[in-house]
Amino acid sequence: MRRALTAGAAATLLFTAAGGAAAAPAARHVPAARQVPSAPSAAATSRAPLPAPHHGRLWPLAALSAERLATGDLVAAAKWGTGRPIDDPVRERQVLDAVAEQARQLGADPGATVRVFRDQIEAGKIVQRGLHRRWAADPAQAPTVRPDLNEVREEINRINTALVRALAASPQARSAPSCRPLLAVAAARVRHERRLDALHTVALARSLRSLCATPG
C-alpha cells in the first residue's frame, strides 16, 4: 500500500509539473551549451546514484532518457543562429533504423524500440524549440559557443545504444501493471537529481510516453 501511494504521488508530481511547464516555458535555465562547447563525456554524464530496489529496471530508462535530453541543449546551441531546422528527417530515419537493428540483434522488439525512440526524438525537439524561443526572447541567455554537432551526435549514439540495451533487458518490467506508477517514481527521482527545469520536465514526460507496454 505504501509503495502504491508513493508511486501515485510521484506520478502526480512529475506530470503536474509537466502540465505547469507548458504554461511557463520561459522559466530561467542556464543552457549547458554556455559552459560546454562539446558533447559531455560518458564519465561526466553517468554519475547518477544506483537505482533503488523498487525502481528495478525502470530507473535506467528514465535516467538514460534524461541524459539524452541533456544533449538537446547542445544540439540547440549547435543550430542556434545557423538557420538549420530543428526537424531533421534524414537524421531521424538514421537513428530509428539503427536502433531497430540493434534491437533485432539483442532479440528485442524492433517495433516497440522504434516507438520509444520516436518519443525520444520528439522530446529532444521540445527542448530545442523551447531553448530557441527562450534565447530569442532573452539574447543574454543565448549560448556563447557553438558545439560541434558531429561530436554531439556521437554522444547521442552512445546513449541510444545504452537505452536500446536497457529496453531489451526490461520487457517484463515494462509490461507489468505497475510499470506506469513505478516509472513515474523513477522519473520524479531523476527530475529531482538533475534539477530539471519546467521545459526539461515536459520533455522528460514526453520521452517516457511509450516505455510501458500497459495502457494508460
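Structure: see above.
Residues numbered from 1 in each chain as written. Predicted model: local features only at pLDDT ≥ 70, side-chain atom pairs only at ≥ 80, totals over all residues. Heavy atoms only, no water.

Visitor: Even after reading the chapter, I still don't get the state of the cysteines, so can you show me in this structure?
Guide: Working definition of a disulfide: a covalent bond connecting the sulfur atoms of two cysteines. Overall, the coordinates contain one disulfide when judged by the stated rule. Each disulfide pairs two cysteine sulfurs, and for Cys179 the partner residue is Cys212, the sulfurs being separated by 1.9 Å. The sign of the -80 degrees torsion about the S-S bond sets the Cys179-Cys212 disulfide as left-handed. Of the two residues, Cys179 sits in helix 7 (residues 179–194) while Cys212 sits in the segment after helix 8 (198–207), which places them 33 residues apart along the sequence. Of the two residues, Cys179 and Cys212, both sit in the buried class. (Disulfide = S-S within 2.5 Å. Helix = DSSP H or I, 4+ residues; strand = E, 2+ residues; numbered from the N terminus. Buried < 20%, exposed > 50% of the residue type's maximum accessible area, 1.4 Å probe, protein only.)

Visitor: Got a minute to help me understand the pattern of salt bridges in this structure?
Guide: Side-chain pairing between opposite charges can occur once the charged atoms of the two side chains come close. One pass over the structure, following the stated rule, counts twelve salt bridges. Its salt-bridge partner being Arg93, residue Asp97 comes within 3.1 Å of it at the nearest N-O pair. One end of the pair, Asp97, and the other, Arg93, are both in helix 3 (residues 89–105), four residues apart, so they sit about a helical turn from each other. On the basis of relative accessibility, which here comes to 39%, the residue Arg93 falls in the partly exposed class. Its salt-bridge partner being Asp119, residue Arg206 comes within 2.5 Å of it at the nearest N-O pair. Residue Arg206 is located in helix 8, and its partner Asp119 is located in helix 4 (residues 110–137); the two are separated by 87 residues in the primary sequence. Of the two residues, Arg206 and Asp119, both sit in the buried class. Three or more residues joined by partner-sharing salt bridges are found here, namely Asp87, Glu92, Glu122, Lys125 and Arg129. (Salt bridge = Lys/Arg side-chain N within 4 Å of Asp/Glu carboxyl O.)

Visitor: Could you clarify how one ought to interpret helix 4 in this entry?
Guide: Since the α-helix packs 3.6 residues into each turn, any two residues three or four apart lie on the same face. Counted at 1.5 Å a residue, the expected span for helix 4 with its 28 residues is 40 Å, and the 41 Å between its end C-alpha atoms agrees. By the N-cap criterion, in which a side-chain oxygen at the helix start approaches the backbone nitrogen of a residue two or three places on, helix 4 is capped by Asp109, the distance to Gly111 being 2.9 Å. (Expected span 1.5 Å × (residues − 1). Polar contact = N/O pair within 3.5 Å; in protein donor to acceptor, adjacent residues only side chain to side chain.)

Visitor: What is the right way to look at the packing of helix 2 (residues 59–79) against helix 8 in this model?
Guide: Each pair of packed helices can be described by the angle between their axes along with the distance between the axes. The geometry of helix 2 relative to helix 8 is characterised by a closest axis approach of 10 Å and an angle of 130 degrees between their N-to-C directions. The angle between helix 2 and helix 8 falls in the class oblique. Where helix 2 crosses over helix 8, the handedness of that crossing is right-handed. Seen from helix 2, the contacting residues are Ala62, Ser65, Ala66, Leu69 and Asp73; seen from helix 8, they are His200, Ala203, Leu204 and Ser207. (Axes fitted to C-alpha atoms, helices over the stretch in contact; angles between N-to-C directions. Parallel < 35°, antiparallel > 145°, perpendicular 65-115°, else oblique. Left-handed = near helix turned anticlockwise from the far one by under 90°. Contact = heavy atoms within 4.5 Å.)

Visitor: Sorry, what's going on with the packing of aromatic side chains here?
Guide: To describe a pair of aromatic rings, you give the distance between the ring centres and the angle between the ring planes. The final tally for this structure, using the stated rule, is one aromatic pair. Consider the rings of Trp80 and Trp135, whose centres lie 5.5 Å apart with planes at 80 degrees: the pair is edge-to-face. One end of the pair, Trp80, is in the loop between helix 2 and helix 3; the other, Trp135, is in helix 4, with 55 residues separating them in the sequence. For Trp135, a relative accessible area of 1% translates into the label buried. (Phe/Tyr/Trp six-rings, centres within 6.5 Å; stacked < 30°, edge-to-face > 60°.)

Visitor: When you look at helix 3 in this model, what are you seeing that I'm missing?
Guide: With 17 residues, helix 3 should cover 24 Å at 1.5 Å per step; its first-to-last C-alpha distance of 24 Å lies within 8% of that length. All of the buried residues in helix 3 are Arg91, Glu92, Val95, Leu96, Val99, Ala100 and Ala103. Taken around the axis of helix 3, the buried residues stretch over an arc of 165 degrees, which confines them to a single face. Those residues of helix 3 that are exposed and aimed more than 90 degrees away from the buried face are Val90 and Gln105. A positive backbone phi angle near 75 degrees is found at Gly107, which sits one or two residues after helix 3. (Arc of directions from axis to C-beta.)

Visitor: Would you mind showing me how to read the nonpolar core here?
Guide: One broad rule of soluble globular proteins: the nonpolar side chains tend to lie buried together. Leu61, Phe117, Leu167, Leu183, Leu204 and Leu211 are the most contacted members of the largest nonpolar core, which has 42 residues in total. Only helix 2, helix 3, helix 4, helix 5 (149–168), helix 7 and helix 8 provide two or more residues apiece to this core. Considering every element that reaches this core, the biggest residue donor is helix 2, with nine residues. Apart from residues no more than four positions distant in its own chain, Leu167 is found in contact with Leu61, Thr113, Val116, Phe117, Arg174 and Leu211. Counting six residues, the second-largest nonpolar core is a separate cluster that includes Leu74, Leu149, Val152 and Ile156. (Core = buried A, V, L, I, M, F, W, Y, C linked by side-chain atoms within 4.5 Å.)

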